[in-house]
Amino acid sequence: MRMITFFLVGLTVHVVFFLSIFDIYFTSPLVHGMTPHATPLAPPASRLVLVVGDGLRADSLFTPLHDGSSRAPYLRSVIEERGTWGVSHTRVPTESRPGHVALIAGFYEDVSAVAKGWKENPVEFDSVFNESRHTWCWGSPDILPMFAKGASGDHVYTHTYPAEEEDFASTDASRLDSWVFTQVKSFFQSAKSNSSLRASLLEDKNVFFLHLLGIDTNGHAHRPMSQEYLDNIALVDTGVAELVSIVEDFFGYDGRTAYVFTSDHGMTNWGSHGAGHPSETLTPLVVWGAGVQNAHRVTEPQPYNDGYLQDWKLEHLRRVDVSQADIAPLMASLIGVPIPVNSVGVLPLLYLNNTDQFKAGSMYTNAIQVLEQFKMKMTQKKETTLSFLFTPYQLLTESKQAEFIHKARILIQLEKYEDAISLCQSLISHALEGLVYYHTYDRFFLGCSVVLGFVGWTSYVVLVILKTHAGLNRHPSVLKQIPSHTLARLCMCVAMVISVFLLIQRSPVTYYIYCLLPVPVWYSVLKESGTLTDLIRSAPSLPLWKCFGYFLLVAFGIELLVVSFFHRAMLTVGLAVLSLWPFLSGLLDKAKFRSLSWFLGCLCLAAFPLMPVVGREPNIHLVTCAGLLTLFTSACYLWSSRQRAPLHLSDRQQFVSQMLHVAVCAYVPSLTHSSLQQKQGLPLLNQIISWATLASSMLVPLLSSTRLFHRLLSIFLSLTATYLLLSTGSEALFPPVLSWLMFVWINIEQEAMLAQGVSSRQELSTIDFSANIDITKIRQLKLDDIRRSYFFVFFIITAFFGTGNIASINSFDPASVYCFLTVFNPFIMGGLMMWKVIIPFIIVMCTFETIQVATQLSSRSLFLIVLVISDLMALHFFFLVQDYGSWLDIGTSISHYVIVMSMTIFLMLLSVVTHIFTSQRLILWRRPKMHFP
């Protein structure tokens, strides 16, 4: 198979394996076609006001000041006198969109929306707004439009400020919230003279939604402990007090308005959110007004062991915690609209101040609404599964469903309301478990197909390595192989049987891909069975103990890398072990200086995984130091190599200009940081320099000489300049230290080649990336090449997790992109952060490309070993993917598999990019010919 064909086939196989996880774990849990259900009894409220303080932590609102007063005196008085309060527990990912979907639609974000971002509904869903008569919303353009778009009809009215207002460099982000309160004030003022608007407002089942983004923006820009964040809470509290006064005045104090104040997610001390830290998942909930239980004083200890009640001085008031999705059915029951049909929330009865009959009726409606989803899911699965293979959820078979419903109705008729409520809660619990059961019904079947394909592909790659690069003794096979046409027929028959089975079950198209992919993969494996025979016959002449030792070490190394995904400190352990390699392999005697450089380089790099990923304060001085270190190492190299590899005048000019550019980029973050601290905004010149640096980072190296170290130095200077602009602290030192170690690795591999007895090695300074490879000098693979490939995978993982653990969403500080932009834009910010992760990747990839050239190996052979190692890791993570435990555990296990699979696909593409990056040259003007010495 030609290299390009093999590359495309490998890429396709890995893309399929990568996408399989989305079909197995990331499919939409939503079902459609259910009938909305509302409680038949009269609701206690005619209208509901929902106020969401975006990014507000529970402790920031509830904790009193040192003098015993509160920074939110109005909401504190509501908690102590006329409302019910508690903590709303959010789920991962703690982002604005999922949080609002849970609050208003009652389900946890459809995970198939992961790639769709903030502004679209990948799947239409029902919400409290949709079920209301009218909903008026004020706030952020990122949140409001998705609820208006998802509504049937045109009864959801949105009023948003321009997206440019969401500026992290803003002098005062609390003006976003002031804008909302001012708009609401003028809205009710205008309604007094607008008869049609007034008539609409006086109808029942209306919702008013205020989305307050100021707290979140101030938290990102200044941290949640800052005065700006805390002052913003006080401003919101004053605004809510005025809002209640305006609303009550407009409706003539009719006592028919219910109020809900909560947050979509919290925020870490370092100003980020997205993961499962308690500061992100614990949000405040305060409910008061029509139909809501008044403050309930307690004397006995409450069933919460988290210690917050004492810190918040609220031990004497009943705390009622809820899951975030429970707020949707609460709001629906207060104003008498149907619970959103996709809601998985359970009505928190302790918030209601109503008759037992109303509570039981509302709970029954909630149970029927969840059961409707279960029945729809069960029907869908039943229709697409052969009857003799269908296994129903045993706790809720059709007869048991009927029995539950009948019993609940009888209990309500007999006025045994408490028993009816208990039964309905039990029914909801079973229905929710049943929803998960049917949602994951095909998971085992799909998982087996993917694993079969995985094992087959890895086996095929191993056989290809043995056949084309291992120099095995070829023997005319004594064991007669299966004839090729017989094998093809057998595989065709298997494929036909699988297709017919999937067709009968009306399976989605993707199921055909996952189930049929293993067939051609295993056909290729069986076709290469002769290579296995050659390996067995060559076994007596192989150093078996040495082979066994190598494979044992690599297996241990792979396990170490797998563990490093959970504990970054394992990379430090791995680097400490790698630092001893020259001592253990005998290279120390042959190359003392290089061996000691390797030892020190590994130990310096080993410090980075021990540094905290998150929570560090910006330290711009370290960014400047990283710039100076980059300039120092570059100058040292140019000075030391002036004899061995003299520079052409144009190359010298380019390196001087690149070094000056690095000096500028080292100073820009310091300038930007001080400007933002003084609240003067992002200087335009800094922004122009930053974007120009980013745009030129991949082009400038192409102008330099393709001589090995000259090109590598140009790449290093160009990428480091961009990295400095994206840094806020110690991570800026990572590329210079990594590059130093990569430089030593290239040199020490030359010594390793000599130790193996390869005499025809080329002097590194004379190697040219663009020169045609002499095919006669390309050698076969040796056992030591497994070690080279493992080193590469290890350094790629270190480049990935060395400074920021991408598996944790909240490990990225938005401050790292402030040199480029400060106005909130999730896609540009996310793209810049991804580029920051990719830069160390490219440094390692270019080093690997260099080692392939320097050690006279075909690029394909080493890459195949890398492919096997990363595929074994991916298979390991596939088995570690779980759908139980905390949401953080589930999310982390899935993200690890996605990272390894993305990495494999990414490395395939990046290997092509780095080959171009190192070997191609852009000539902007004609140059006189130059001859290398």
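As shown above, the structure is provided for reference.
Residues numbered from 1 in each chain as written. Predicted model: local features only at pLDDT ≥ 70, side-chain atom pairs only at ≥ 80, totals over all residues. Heavy atoms only, no water.

1. Comments concerning the pairing of strand β3 (residues 134-139)
Convention followed: Note on exposure labels: buried denotes an accessible area under 20% of the residue type's maximum, exposed denotes more than 50%, and partly exposed covers the range between, all computed with a 1.4 Å probe on protein chains only. Secondary structure is summarised from DSSP: a helix means a run of H or I of at least four residues, a strand means a run of E of at least two, and numbering begins at the N terminus for each. Being paired, for any two strands, means DSSP has found at least two bridges between them.
In terms of residue burial, β3 counts as a mostly covered element, since six of its six residues are buried. Neither face of β3 is open: one carries His-134, Trp-136 and Trp-138, the other Thr-135, Cys-137 and Gly-139, and all of them are buried. Taken together, the five bridges between β3 and strand β5 (residues 206-212) define a ladder with parallel strand orientation. The residue bridging His-134 from the neighbouring strand is Asn-206, located in β5. As defined by bridge partners, β3 adjoins strand β4 (residues 156-160) across five bridges and the pair is classed as parallel.

2. Focus: the environment of Asn-269
Convention followed: Residues count as neighbours in contact if any of their non-hydrogen atoms are within 4.5 Å of one another. Distance and chemistry together define a polar contact, namely a pair of N or O atoms within 3.5 Å, with one atom able to donate a hydrogen and the other to accept it when in protein, and with adjacent residues in sequence counting only for side-chain atoms on both sides.
For Asn-269, the location among the structural elements is in the loop between β6 (257-262) and α11 (278-281). Each residue touching Asn-269, except ones within four places of it in the same chain, is listed here: Arg-57, Arg-223, Pro-224 and Met-225. Looking at Asn-269, its side chain comes within polar contact range of the side chain of Arg-57, at 2.8 Å.

3. Considerations on the sheet that holds strand β1 (residues 47-53)
Going by this rule: Inter-axis angles, ranging from 0 to 180 degrees, are taken between N-to-C directions of lines fitted to C-alpha atoms, where helices are fitted over the stretch in contact.
Ordered in space as β4-β3-β5-β1-β6-β7-β2-β8, the eight strands form an open sheet in which the pairing is mixed. Unpaired on one side and paired on the other, β4 and β8 (322-323) mark the two borders of the sheet. Relative to the sheet, helix α13 (residues 327-335) contacts β1, β2 (83-89), β5, β6, β7 (282-289) and β8, its axis offset from that of β1 by approximately 155 degrees.

4. Quick word on the packing of helix α14 (residues 356-383) against helix α16 (residues 417-439)
Test applied: We call two directions roughly parallel when the angle between them is under 35 degrees, roughly antiparallel when it is over 145, roughly perpendicular when it lies between 65 and 115, and oblique otherwise. In this scheme the crossing of two helices becomes right-handed for a clockwise turn of the near helix relative to the far one and left-handed for an anticlockwise turn of less than a right angle. Gly is put with the polar residues, along with every residue not named as nonpolar or charged; the nonpolar set is Ala, Val, Leu, Ile, Met, Phe, Trp, Tyr, Cys and Pro, and the charged set is Asp, Glu, Lys and Arg.
The interhelical angle for the contact between α14 and α16, taken along N-to-C directions, is 20 degrees, at an axis separation of 8 Å. By the angle between their directions, the pair α14 and α16 is classed as roughly parallel. The element α14 and its partner α16 pack so that their crossing is left-handed. Of the residues contributing to the contact of α14 with α16, the split by class is 17 nonpolar, six polar and four charged.

5. Comments concerning the pairing of β6
Of all six residues that make up β6, six are buried, and the element is covered over most of its length. With burial as the criterion, each face of β6 is covered, one bearing Thr-257, Tyr-259 and Phe-261 and the other bearing Ala-258, Val-260 and Thr-262. Of the strand pairs in this sheet, β6 and β7 are connected by five bridges, and their pairing is antiparallel. Paired with Val-260 across the strands is Val-287, a residue of β7.

6. Describing the nonpolar core
The criterion, for reference: Residues belong to one nonpolar core when they are buried, are Ala, Val, Leu, Ile, Met, Phe, Trp, Tyr or Cys, and are joined through side-chain atoms within 4.5 Å.
The biggest cluster of nonpolar side chains holds 149 residues, and the ones touching the most others in it are Trp-598, Trp-745, Phe-792, Phe-795 and Met-873. Broken down by element, the residue count for this core peaks at 16 residues, all from helix α33 (residues 826-854). Listed in part, the 69 residues of the second largest apolar core include Phe-147, Leu-334, Ile-368 and Leu-371.

7. As for the pattern of salt bridges
As a reminder, the rule being used: Here a salt bridge means any side-chain nitrogen of Lys or Arg lying within 4 Å of a carboxyl oxygen belonging to Asp or Glu.
Under the defined criterion, the tally for this structure stands at 17 salt bridges. Notably, a salt bridge pairs Arg-57 with Asp-59, separated by 3.0 Å at the nearest N-O pair. Residue Arg-57 is classed as buried on the basis of its relative accessible area of 4%. Across the pair Lys-185 and Glu-242 runs a salt bridge whose closest N-O atoms are separated by 3.5 Å.

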